[in-house]
Every structure is written in structure tokens, then in C-alpha cells.
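# Structural description and commentary
Take a look at the letters that make up each chain.
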Amino acid sequence: MIEIVFLGTSASAPSIRRGLPAHVVMFEDRRFLVDCGEGTQRQLLKSGLGFRRLETVLLTHAHLDHILGLAGFLSTVMRWEILPRVAIYGRRGTIERVKDLVYRVVLRGARPSIEISFHVIEPGLLFDDEKFSVYAFPVRHRGGDSLGYLFREKPRRPFLVEKAEALGIPPGPERRRLVQGYSITLPDGRVVTPEDVLGPPVEGASLALVGDAGRVDDLVEEVQGVGTLVIEATYLEPDRDLARRHDHITAAEAGWLARAAGVRHLILTHLSRRYREREIRQEAQAFFPHVWVARDFDRYRILKDGHLEVERAEVHEIEEEPDVLAESERAGAGHRGV
């Protein structure tokens, strides 16, 4: 199972109920902070997640609404030494900008009290062990220095208890060795191999997470067949020209991508204050049926069979909140990022 908790779902600037982009992805005891918009440390506390085990930060790109929260996050974990280390990953331009933020603003010549490391990455495999892998893939968004991330649980062969019992294999270390891929010898001399008690491989859970994107046709192969796709839906089709001007996509395009790539579920985030939540969902559903519009503090659990367990944040008319920034957007201001 892979779990994602949304800490910020707004585009460009925060609104009353939506913070700036930040997500926590979890698999067993691993935690990844993907993007870190302004206010992320407060969102971590409100969500109940806290800072524990958040030693890996994956950045999609260098725009301030996706990185500015690193200043507060790192200041807090260094001040209280909450974490022994933090490793930050991103493309070269992203890492250079974050280094400026950390060394010229946060530290200003002081030595960090914890280990902070920066890792310039390119598309490809980032982390890999016997259970889990993380890949980065390229995303087009104003400058070509953006990344998406694919989290994938590796296929597992289920242990067939009824076969083990028929062969007289007692519960305990013998069964565990078979699951680990080793043959065992029973007291009567019979040799039992993993093939005797393991079923065919079952595909693990998978999650693809895209930050800002200017196009989707080049993402079909990257997210093909994933259990859940998370992607922006900053604009709706009536504002398609504005989306092109600022290199973002519409909810319809996100729905098209989900259908073309054969994903199981679609979660939309990076939402503009100019639209109602139901309008965003309805536009995407014209192309793809299984659509969720993320709210801050939503939790989604992606299971190995592709099913999705959803724990929604407090239900309210989030799309109808009063917001002074919405008026300037309607007057023509876009989601430029910085």
C-alpha cells in the first residue's frame, strides 16, 4: 500500500482553506515530502503527521510556490534537531535556487546543525530495494527543468496457506524462508521449493505524481497503467488560452491523460480559486470517470489491486469560499509562478 496526504492544493497563492503545494507520500516506514510550499511545516502539524522520518524531499521544479516552505521547514528541524539529516532532490536549476534559499537566507554563513545534502538528479531510477522503487520522469513546464515522480511497490507472490498446510509445513520460520525465496527440507526429507507454495505475482500499488505541467501528450508513456495519477488542474477549458499562456493544463486535459494512459484513479490538485470544485471534477469526468479533487489534509491509500481508499478532509463548500485574490484572477492575472 502507498499512501499520500495532501498538505497544500492551491495554485500560485494560498487561499483560506487551501495551502500551497506539498504532499507526503508513505510506504511502510518510508516518507517522502514532495514539494514544500509556503506554510508546509504548519500543515504537517495540523495533519498530525509531524516531521518524523521526513528526511527525503523531492522537488518537482523551482517555482517559489513549490519550494519557499523549505526555509521554515529547515529552520525548524535545525533549531530543534528534529531530524538528523535532510536530503533534497531536484533538477539542477531547482537545486541551485534552493541552495540560495538555504545558504543565503536561512543560514547566512552559519553552519547547519544537521546534515543537509543536495542531489541534482535526472530522469530515471532514484531509489530501489526489494519492495519499493521511485523513478523520476521529465515534465514540460516553462523551461523544461521539471520532474514528476513514480512510486511503485514491487510485485509480490502471495503465500498460499492452503498449499502449505497440505504439504505439512508448520507456521513459523520455514514458511518465512519460502516467502523469501529459499527452499526448505521437511523432517521426513521432502524438499519444498517456493514454487510449491507461492502464487503468481500480484502487481503492487503505484502512484504517479506530477506537479505543474504545460502539456500531457508526452506523459502518457510515463504514467501508463499506474494505480493513481496525481496532477494539476489549474484551468478549465473556457480558459484554455490562458492555460497555454502560463504553461499549465486544464482539468479536461488531465482527464484525457488518465484515459489515454489507462490509469485506475485520477486526483486533481494545484487548483485555482476562480473555479468551483465540482466544475473541475465534472470537466475531467467528461473524459475519465474516477476523479477526485483533492482538498488539504485528504488521505488516499493506493492498494496493490489498484483500489483506492479515501479519507476526505472536512466536507464543506470549499469552492465557494470568499477570497480577495479571486477577483484579481478574474481580471486576468494568471498562475505565473516565480
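Residues numbered from 1 in each chain as written. Predicted model: local features only at pLDDT ≥ 70, side-chain atom pairs only at ≥ 80, totals over all residues. Heavy atoms only, no water.

Take the packing of aromatic side chains next. In the structure shown here, the tally under the stated rule is 10 aromatic pairs. A centroid spacing of 5.6 Å and a plane angle of 50 degrees characterise the contact between Phe32 and Phe127, whose relative ring orientation is tilted. Residue Phe32 is located in strand E3 (residues 30–36), and its partner Phe127 is located in strand E7 (residues 124–128); the two are separated by 95 residues in the primary sequence. In this structure Phe32 comes out as buried when scored by relative accessible area, which is 5%. Of the residues examined, Phe127 reaches a relative accessible area of 21% and is grouped as partly exposed. Every member of this aromatic cluster is reached through a ring pair, and the members are Phe27, Phe32, Tyr89, Phe127, Phe132 and Phe151. (Phe/Tyr/Trp six-rings, centres within 6.5 Å; stacked < 30°, edge-to-face > 60°. Helix = DSSP H or I, 4+ residues; strand = E, 2+ residues; numbered from the N terminus. Buried < 20%, exposed > 50% of the residue type's maximum accessible area, 1.4 Å probe, protein only.)

Further remarks concern the pattern of salt bridges. When their charged atoms lie close together, side chains carrying opposite charge are able to pair. A full pass over the atoms with the stated rule returns 29 salt bridges. Residues joined in a network through salt bridges with shared partners are Arg18, Glu277, Arg281, Arg295, Asp298 and Arg312. (Salt bridge = Lys/Arg side-chain N within 4 Å of Asp/Glu carboxyl O.)

The next thing to look at is the side chain of Thr9. Inspection of the secondary structure assignment puts Thr9 in the loop between strand E1 (2–8) and strand E2 (22–27). According to the relative accessible area criterion, Thr9 is buried, its value standing at 0%. A distance of 2.7 Å separates polar atoms of two side chains, one belonging to Thr9 and the other to Arg18. Setting aside residues no more than four positions away along its own chain, Thr9 makes contact with Arg18, Gly19, Thr269, His270, Leu271, Ala294, Arg295 and Asp296. (Polar contact = N/O pair within 3.5 Å; in protein donor to acceptor, adjacent residues only side chain to side chain. Contact = heavy atoms within 4.5 Å.)

Counted at 1.5 Å a residue, the expected span for helix H4 (residues 92–107) with its 16 residues is 22 Å, and the 21 Å between its end C-alpha atoms agrees. Taken residue by residue, H4 has Thr94, Ile95, Val98, Leu101, Val102 and Leu107 as its buried positions. The arc that holds every buried residue of H4, seen down its axis, measures 125 degrees, which confines them to one face. In H4, the exposed residues that point more than 90 degrees away from the buried face are Arg92, Arg104 and Val105. At the exit of H4 stands Arg108, carrying a positive phi of roughly 50 degrees. (Expected span 1.5 Å × (residues − 1). Arc of directions from axis to C-beta.)

This part takes up the pairing of E2. Within E2, six of the six residues are buried, which leaves the element mostly enclosed by the surrounding structure. Of the two faces of E2, the one carrying Ala22, Val24 and Met26 and the one carrying His23, Val25 and Phe27 are both buried. Both E1 and E2 contribute to a ladder of five bridges, which runs antiparallel. By the bridge assignment for E2, Gly8 is matched with Ala22. Pairing of E2 with E3 involves six bridges; the strand directions are antiparallel. (Pairing = 2+ DSSP bridges.)

Further remarks concern the environment of Gln224. On the secondary structure map, Gln224 appears in the loop between strand E12 (206–210) and strand E13 (228–232). The partly exposed category is assigned to Gln224, whose relative accessible area is 42%. Note: C-alpha distance between Gln224 and Arg157 (67 residues apart in sequence) is 22 Å.

Moving on, we get to unusual backbone geometry. Generally, phi is negative for residues other than glycine and the peptide bonds are trans, each holding for most cases. Of note in this structure, Glu81 is not a glycine but carries a positive phi near 50 degrees. Position of Glu81 among the secondary structure elements: in the loop between helix H3 (70–80) and strand E5 (85–90).

On to the packing of H3 against H4. In contact at an axis separation of 10 Å, H3 and H4 are set at 55 degrees when each is read in the N-to-C sense. The angle between H3 and H4 falls in the class oblique. Judged by the twist between their axes, the crossing of H3 over H4 is right-handed. Contacts from Leu70, Ala71, Leu74, Ser75 and Met78 in H3 reach Val98, Leu101, Val102, Val106 and Leu107 in H4. In the contact of H3 with H4, the residues fall into nine nonpolar, one polar and no charged. (Axes fitted to C-alpha atoms, helices over the stretch in contact; angles between N-to-C directions. Parallel < 35°, antiparallel > 145°, perpendicular 65-115°, else oblique. Left-handed = near helix turned anticlockwise from the far one by under 90°. Nonpolar A, V, L, I, M, F, W, Y, C, P; charged D, E, K, R; others polar.)

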